[in-house]
Amino acid sequence: MATIRVPDQVPSPAQDSETLNQAFRGWGTDEKAVIRVLGQRNESQRRKIRESYREVYGKDLINDLSSELSGDFMKAVVSWVYDPAERDARLVNKILNKEKKRKKGVVENLKVIVEISCTTSPNHLIAVRKAYCSLFDSSLEEHIASSLPFPLAKFLVTLASSFRYGKDKTDAEVATIEAAMLREAIEKKQLDHDHVLYILGTRSVYQLRETFAAYKQSYGNTFDKDVDGCPGDADLRSLLQVAIFCIDTPEKHFAKVVRDSIEGFGTDEDSLTRAIVTRAEIDMMRVRGEYFNMYNTSMDNAIIGDISGNYKDFLITLLGSKI
């Protein structure tokens, strides 16, 4: 359900590297050439282009893109060219470094850690943790624990260190039992109860969806609604609700991220870029469909009407349009 369109006939990595190098020469930069090449190559092809560029020109393509491009366009292209695990590791590191400098964290930023932990594959999350250790001489879990207050750190470390079963096998009996365990945590008004952390941090997304359905069937409300009405740490409650949303309906989550980024005064380009860059090769087609269902309007048209220039051209290329 990806939206990027890779041409039937793709030049070799060496040819793409040459096209990019030519785009950087002379007065100004040929941004259209950059979009045409990188915006229509998949993860494996982009990795080979970056390797070829280093071999032929002795430079890192990321560094040249950072110096030749600018603004949100540059950030979007660089994010796209990074290996996905490295991209997510760098994103989390940036967030945690910001949080460590604050006396009080901004939970909106921390939602990205929940997003990465709950909407990516088990193998990808392992790759993120490996990349984090390699890039920053610290484990992701250690950095979370040293940067955030205990309730939030406990919850986020649990999610970030999980390794979920990736197949769609479920057990209805387990779902009913664990729905009761979640209910117990709600009744005790303990959102950081070990039952909650154990269930959300170990079960597959398919099993958790079964558990959420069993919860609603047994107790009338959705688990998310009961979490919302539970007193206690507001930041923890907010992160827990994001986790439930990401696990239960990831496409709706990203549709909401896109909507929130372009609604109101100004545009949250970082969130818009993150949503499109991280999902364009995964499920952006379904995100687009959920956006229409939720807001009764075209996601592509909404984005096009809110941004402009090369930044717009690059994002709509990732969405499958031709410029």
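Residues numbered from 1 in each chain as written. Predicted model: local features only at pLDDT ≥ 70, side-chain atom pairs only at ≥ 80, totals over all residues. Heavy atoms only, no water.

Caption draft 1: Representation of the overall build of the chain. A tally of regular secondary structure across the chain gives 20 helices and zero strands. In terms of overall size, the chain behaves like a compact globule, its C-alpha atoms giving a radius of gyration of 21 Å where 323 residues would be expected to give roughly 20 Å. Projecting the C-alpha coordinates of the chain onto the three principal axes gives extents of approximately 65 × 45 × 40 Å. For the chain, the residues scored as buried account for 48% of the 323 residues in total. Partitioning the contacts of the chain with sequence separation of at least 6, the portion at a separation of at least 24 is 70%. (Helix = DSSP H or I, 4+ residues; strand = E, 2+ residues; numbered from the N terminus. Rg over C-alpha atoms; globule rule 2.2 N^0.38 Å. Buried < 20%, exposed > 50% of the residue type's maximum accessible area, 1.4 Å probe, protein only. Contact = heavy atoms within 4.5 Å.)

Caption draft 2: Quick peek at the packing of helix 11 (residues 172-187) against helix 12 (residues 194-202). Contact pair helix 11 / helix 12: the axes reach a minimum separation of 8 Å and the direction vectors enclose 140°. The pairing of helix 11 with helix 12 is recorded here as oblique in orientation. For the pair helix 11 and helix 12, the sense of crossing is left-handed. Here E178, M181, L182, E184 and A185 of helix 11 come into contact with helix 12, specifically with H195, V196, Y198 and I199. Its residues assigned to classes, the contact of helix 11 with helix 12 shows six nonpolar, one polar and two charged. (Axes fitted to C-alpha atoms, helices over the stretch in contact; angles between N-to-C directions. Parallel < 35°, antiparallel > 145°, perpendicular 65-115°, else oblique. Left-handed = near helix turned anticlockwise from the far one by under 90°. Nonpolar A, V, L, I, M, F, W, Y, C, P; charged D, E, K, R; others polar.)

Caption draft 3: Spatial organisation of the pattern of salt bridges. Enumeration over the complete set of coordinates arrives at 23 salt bridges. Between R50 and E86 there is a salt bridge whose closest N-O contact spans 3.8 Å. Of this pair, R50 sits in helix 3 (residues 43-57) while E86 sits in helix 6 (residues 84-100), and the two are 36 residues apart along the sequence. A relative accessible area of 19% means that R50 is categorised as buried. Residue class for E86 comes out buried when judged on its relative accessible area of 14%. R90 is paired through a salt bridge with E86; the nearest N and O atoms lie 2.9 Å apart. Here the residue R90 and the residue E86 both occupy positions in helix 6, the gap between them amounting to four residues, near one helical turn. Taken together, the shared-partner salt bridges in this structure form one network comprising R50, R54, D60, E86 and R90. (Salt bridge = Lys/Arg side-chain N within 4 Å of Asp/Glu carboxyl O.)

Caption draft 4: A look at the packing of aromatic side chains. Within this structure, the stated rule accounts for eight aromatic pairs. Three or more aromatic residues link up through ring pairs in this structure, and these residues are F212, Y215, Y219 and F223. Positioned above the aromatic ring of W80, the side-chain terminus of R46 is 3.7 Å from the ring centre. In this structure, R209 is placed above the aromatic ring of Y206, and the distance from its NZ or CZ to the ring centre is 5.5 Å. (Phe/Tyr/Trp six-rings, centres within 6.5 Å; stacked < 30°, edge-to-face > 60°. Lys NZ or Arg CZ within 6 Å of the ring centre and 35° of its normal.)

Caption draft 5: View of the nonpolar core. By size, the foremost hydrophobic cluster in this structure holds 52 residues, and its most contacted members are V114, I144, F155, L156 and L200. Per-element accounting of this core gives the leading share, eight residues, to helix 15 (residues 234-248). Apart from residues no more than four positions distant in its own chain, L156 is found in contact with L110, I113, V114, I144, L148 and L239. (Core = buried A, V, L, I, M, F, W, Y, C linked by side-chain atoms within 4.5 Å.)

Caption draft 6: The environment of V10, seen in detail. By the element assignment, V10 lies in the segment before helix 1 (13-23). Look at V10 and you get partly exposed, because its relative accessible area is 30%. V10 sits 27 residues away from V37 along the chain, and the two C-alpha atoms are 9.3 Å apart. Excluding residues within four positions of it along the chain, V10 makes contact with D16, R41 and Q45.

Caption draft 7: Structural detail: helix 20 (residues 309-318). Most of helix 20 is tucked away: seven of the ten residues are buried. Looking only at helix 20, the buried set comprises Y311, D313, F314, L315, I316, T317 and L318. Buried residues along helix 20 sit in contact with helix 2 (31-38), helix 5 (71-81), helix 17 (269-279) and helix 19 (299-304).

Caption draft 8: A look at the side chain of T211. The residue T211 is located in helix 13 (residues 205-219) in this model. If sequence neighbours within four positions are ignored, T211 has contacts with A175, E178, A179 and L182.

Caption draft 9: Quick look at the state of the cysteines. Taken as a whole and assessed by the stated rule, the structure comprises zero disulfides. Cysteine C118 remains unbridged, with the sulfur of C246 as its closest cysteine sulfur at 5.9 Å. Owing to a relative accessible area of 4%, C118 belongs among the buried residues under this scheme. Looking at the unpaired C230, the closest cysteine sulfur is the one in C118, lying at 19 Å. (Disulfide = S-S within 2.5 Å.)

Caption draft 10: Focus on unusual backbone geometry. The phi torsion at K189 lies on the positive side, around 55°, for a residue other than glycine. In this structure, K189 sits in the loop between helix 11 and helix 12. With a phi angle near 55°, N296 is a residue other than glycine that sits in the positive phi range. Within the secondary structure, N296 sits in the loop between helix 18 (284-295) and helix 19.

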